[in-house]
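Survey of secondary and tertiary structure
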Amino acid sequence: MRPVEERPAASPYGRLDTATHEYVISRPDTPTPWLNYLGQGGYGGIISNTAGGFSFDRDPRERRVTRYRYNAIPADQPGRYVYVRDQETGRFWSPSWQPVKRDVEGYECRHGPGYTRIRSALDGIESELLYFVPPGNADGSCPCELWVFRIRNAGPTARRLRAFSYAEFGYFDAVSDQQNLDWSQHIVSSGREDSVILASTRFRPTTSFLGASEPPVGWTGDREDFVGRCRDLASPIVVETGEPTNSGSPRGNEIGSLCHDFELGPGEERGLVYVLGLTDHPEEIAAVVARYREQAEVERAFEELRADWSAYLGRFAVATPDPEMTEMLSVWNQVQCRTTLNWSRFVSGYETGLGRGMGTRDSAQDTLGTMHSLPEQARRTLTRTWGLQFRDGHAWHQLFPLSGEGGPGLAAEFPTWPQWFSDDHLWLVLATCAYLRETGDLAYLEERVPWADGDDETVWGHMRRAIEFTLANRGPHGLPRAWFADWDDTLNINHGSGKAESVWCAMQFCRTVLDLAELCRHTGRFAEAVRFRDLHTEMAGLVNAVAWDGSWYARAFDDDGMPIGVAGEDRHRINLNPQTWSVIGEVAPRDRAEQALRSADQHLATPFGTALLWPPYDGGDERVRGTSTYPPGAKENGGIFCHANTWLIIAAAMLGRGDDAYVHYRRILPLARTDADLFRAEPYVCSQNICGPAHPQFGMARNAWLTGTAAWAFVAATQWILGIRPTFDGLRVAPVIPTSWPGFEARREFRGVTHEIRARREGPAGAVSLVVDGRPVQGTVVPLPPPGTTTVRVEVVVS
């Protein structure tokens, strides 16, 4: 891979370090907390650029370790804090800036894959905190995270310093911790054993703990004792006086504050490792803390983490003429894809980890961005999610990971409305077909998976039942009925008449049966392949007969059978999704497909992306319910839904419009945004939505990290702009790159073989030819190589 010569653009608050692939934040006062995720789907948590955030073990609702106060003043507290106090002057600060917020020197936060490193200096004292979760628990140790603290005297005279840790424990049942204070404030207490502070109840062994690699000189286990009356975390009384209480908490609010002294000569440096965790086996805690007293063990754990991420990221890398796109696809988009696979939409800076759980539709789509790199985990995710399907073919909308409990999700808030969604079960089919194309693991079709309401069936049986559910639940036009909602959770148009239908879901169904027809041809189910093609022809014909409005496709039919998203409406005249999916689902004839995308561009395009609908609703409209609850330009009501924009990229590429596809991609590429005070969200990961043109904060992004934008942006860029996508017969390489590009290089693992791809442009037309290991091949599919092959070299000419 040749290096990219240009550097990605920097924002006023930070930049991407192309040598380390870390995002480097140079100011602590970012417009919003800029987050990272620790852990790999088991023990982990979120951490901000000033060490705010919290931890949990596998499930943030059922096994919360530390507290975090959402939407609070002061913002982004509490977190994983260390205070440093000069014992001569009494002056104190936090290396992470928060919570003291003293003007430290040389502040720098480096977010990397699975770790965060924050460093700063004050009064000649340099300090650094590295936060990470040791990968795996293969040795049976209880899950934990490490805070690796380094402190150095850069001055000419000896210094006496005292450090205080701060972790605010919560009762592991986070709902009770926040909502049943009369109980939860009485049942948890804290104490100390050796160099470890423990917080637990008397009736369960589950124990939160904070230990250190060196014995403390003191400790405090009660929040009120630590902070003091009428104070806050910026000036806690224990730090101000320098005197720990050396006592725990019999009830109330438990914390982990260990006190350590450092006497440093000029140029001297010391280190300390804090170990924070949660376990049901408190007898193991001492051994875990002792393990990380050894510096070599800490270094080994961090190197294992780096090696794991290197292996994950090494399965796909690219060098393009666009430095932001290169870095996004090679590193941070993939980091985000792994994070969404682990946590769906459960816990983020916007989701509290209490009620939403792991989404069915969300988890299915999240696998799409990780099939090439984590196929085994994708398979497990699909299997777990198939278990949410009922025997009639529909599926629960979400589940909680520890209990496996399924539920209707948002629909539960409106129990008189339909309690399932029109699209969940179809996403499972689409994701399973993608898994099979990637891996060739056709035996998966015969794996038996339970139904949510009893008994079991093969995966193939589940897939067929999903199709039958949609066919059995159609409205008067023959289109899929709208239940609580389809992909757009807020489009709640089913009020009980049986007339509400989703045009978009009909297009999703068309894509689904095409994928099934392809699978059937590959597996020798030829009669079923014909049936699925016929179902596509029938549904596409119905859509074209009833939903084409002259220049674009309608979005849906309401509870009275009237169209939504058509030119005659005062509000919501056009919607983006049916225009893009008319192409993706191969519903629209070519002329209509071209016109539908032109209409979307004419009515919906903005410099920050393409709005979901126009004009937005302005006030409550019972016809659509949820959408109209948002102000104009927010979220689904005329906002720029980045997730939906990725489908526009794909649709443009499918029509061979490479320049358009690239423009659409750049508009929502976060690394391309240098207006951080307007954009606000993290610039290194995709956001769910951006405020649209009707909103007073037009251009502001929200809901970064856990969004379907992550997987679909990766799919759109790698499989459709770069054109590298799996098929049952081999890896297809059919780029639809912008005319300004001279070419690109990529490395992509496919079924255990590394494909080294070099593409170059020799003409403007876009025709593609391949030379594989020195031999020309017909078409755009690289044939599956003989067993034992490790590397295939592909030369691509776009002419």
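This section reports on the structure supplied with the text. (Residues numbered from 1 in each chain as written. Predicted model: local features only at pLDDT ≥ 70, side-chain atom pairs only at ≥ 80, totals over all residues. Heavy atoms only, no water.)

Time to look at the overall build of the protein. Secondary structure assignment for the protein yields 19 helices and 42 strands. For the protein, whose C-alpha radius of gyration is 27 Å, the value lies close to the compact-globule estimate of 28 Å for 799 residues. For the C-alpha atoms alone, the extent of the protein along its principal axes is close to 80 × 65 × 50 Å. In the protein, 67% of the contacts between residues at least 6 apart in sequence involve partners at least 24 apart. (Helix = DSSP H or I, 4+ residues; strand = E, 2+ residues; numbered from the N terminus. Rg over C-alpha atoms; globule rule 2.2 N^0.38 Å. Contact = heavy atoms within 4.5 Å.)

Right, let's talk about unusual backbone geometry for a bit. In the segment running from Gln77 into Pro78, the intervening peptide bond is cis, with an omega of -10 degrees. Among the structural elements, Pro78 can be located in the loop between strand 5 (53-57) and strand 6 (81-86). We note that Asp76 has phi near 60 degrees; this positive angle belongs to a residue other than glycine. In this fold, Asp76 is placed in the loop between strand 5 and strand 6. Classification of Asp76 as buried rests on a relative accessible area of 6%. The phi torsion at Asn246 lies on the positive side, around 55 degrees, for a residue other than glycine. With relative accessibility at 43%, the residue Asn246 sits in the partly exposed group. (Buried < 20%, exposed > 50% of the residue type's maximum accessible area, 1.4 Å probe, protein only.)

Turning next to the packing of helix 14 (residues 576-584) against helix 16 (residues 642-654). Between helix 14 and helix 16, the shortest axis-to-axis distance is 9 Å and the interhelical angle comes to 40 degrees. Classified by the interaxial angle, the pair formed by helix 14 and helix 16 is oblique. Judged by the twist between their axes, the crossing of helix 14 over helix 16 is left-handed. Between helix 14 and helix 16, the residues in contact are Leu576, Asn577, Thr580, Trp581, Val583 and Ile584 and Ala644, Asn645, Trp647, Leu648, Ile650, Ala651 and Met654, respectively. In the contact of helix 14 with helix 16, the residues fall into ten nonpolar, three polar and no charged. (Axes fitted to C-alpha atoms, helices over the stretch in contact; angles between N-to-C directions. Parallel < 35°, antiparallel > 145°, perpendicular 65-115°, else oblique. Left-handed = near helix turned anticlockwise from the far one by under 90°. Nonpolar A, V, L, I, M, F, W, Y, C, P; charged D, E, K, R; others polar.)

A few words now on the nonpolar core. Of all hydrophobic cores here, the largest spans 232 residues; its most connected members are Phe132, Phe149, Trp332 and Met463. Looking at which element gives the most residues to this core, the answer is helix 12 (residues 503-523), with twelve residues. What Met463 contacts, discounting residues up to four positions off in sequence, is Trp386, Val429, Thr432, Cys433, Leu445, Leu516 and Leu519. Judged by nonpolar contacts, the second largest core, of eight residues, contains Ala482, Ala500, Ile564 and Val624. (Core = buried A, V, L, I, M, F, W, Y, C linked by side-chain atoms within 4.5 Å.)

Moving on, we get to the packing of aromatic side chains. The description of an aromatic ring pair rests on the distance of the ring centres and on the angle between the ring planes. The tally for this structure, following the rule as stated, stands at 47 aromatic pairs. Here the aromatic rings of Trp420 and Trp483 are separated by 5.0 Å at their centres, their planes lie at 50 degrees, and the arrangement is tilted. Note that Trp420 is positioned in the loop between strand 22 (406-407) and helix 10 (424-439) and Trp483 in the loop between helix 11 (459-472) and strand 25 (501-502), a separation of 63 residues in sequence. Take Trp420: its relative accessible area is 25%, and that puts it in the partly exposed class. Between Trp427 and Trp504, the aromatic rings sit 6.1 Å apart at their centres with planes inclined by 35 degrees, giving tilted as the arrangement. Placement of the pair is Trp427 in helix 10 and Trp504 in helix 12, with a sequence separation of 77 residues. With respect to burial, Trp427 and Trp504 carry one shared label: buried. Chaining the aromatic ring pairs together yields one cluster made of Tyr13, Tyr23, Trp34, Tyr37, Trp332, Tyr684 and Trp705. (Phe/Tyr/Trp six-rings, centres within 6.5 Å; stacked < 30°, edge-to-face > 60°.)

Turning our eyes to something else, we now look at the environment of Ser799. Looking at where Ser799 falls in the secondary structure, it is placed in the segment after strand 42 (791-798). When its relative accessible area of 32% is taken as the criterion, Ser799 is described as partly exposed. Each C-alpha atom of the pair Ser799 and Leu305 lies 43 Å from the other, and the pair is 494 residues apart in sequence. Once you skip the residues sitting within four places of it in the chain, Ser799 turns out to touch Glu762, Gly763, Pro764, Ala765, Gly766 and Ala767.

No statement about biological role is implied by the geometric values presented.
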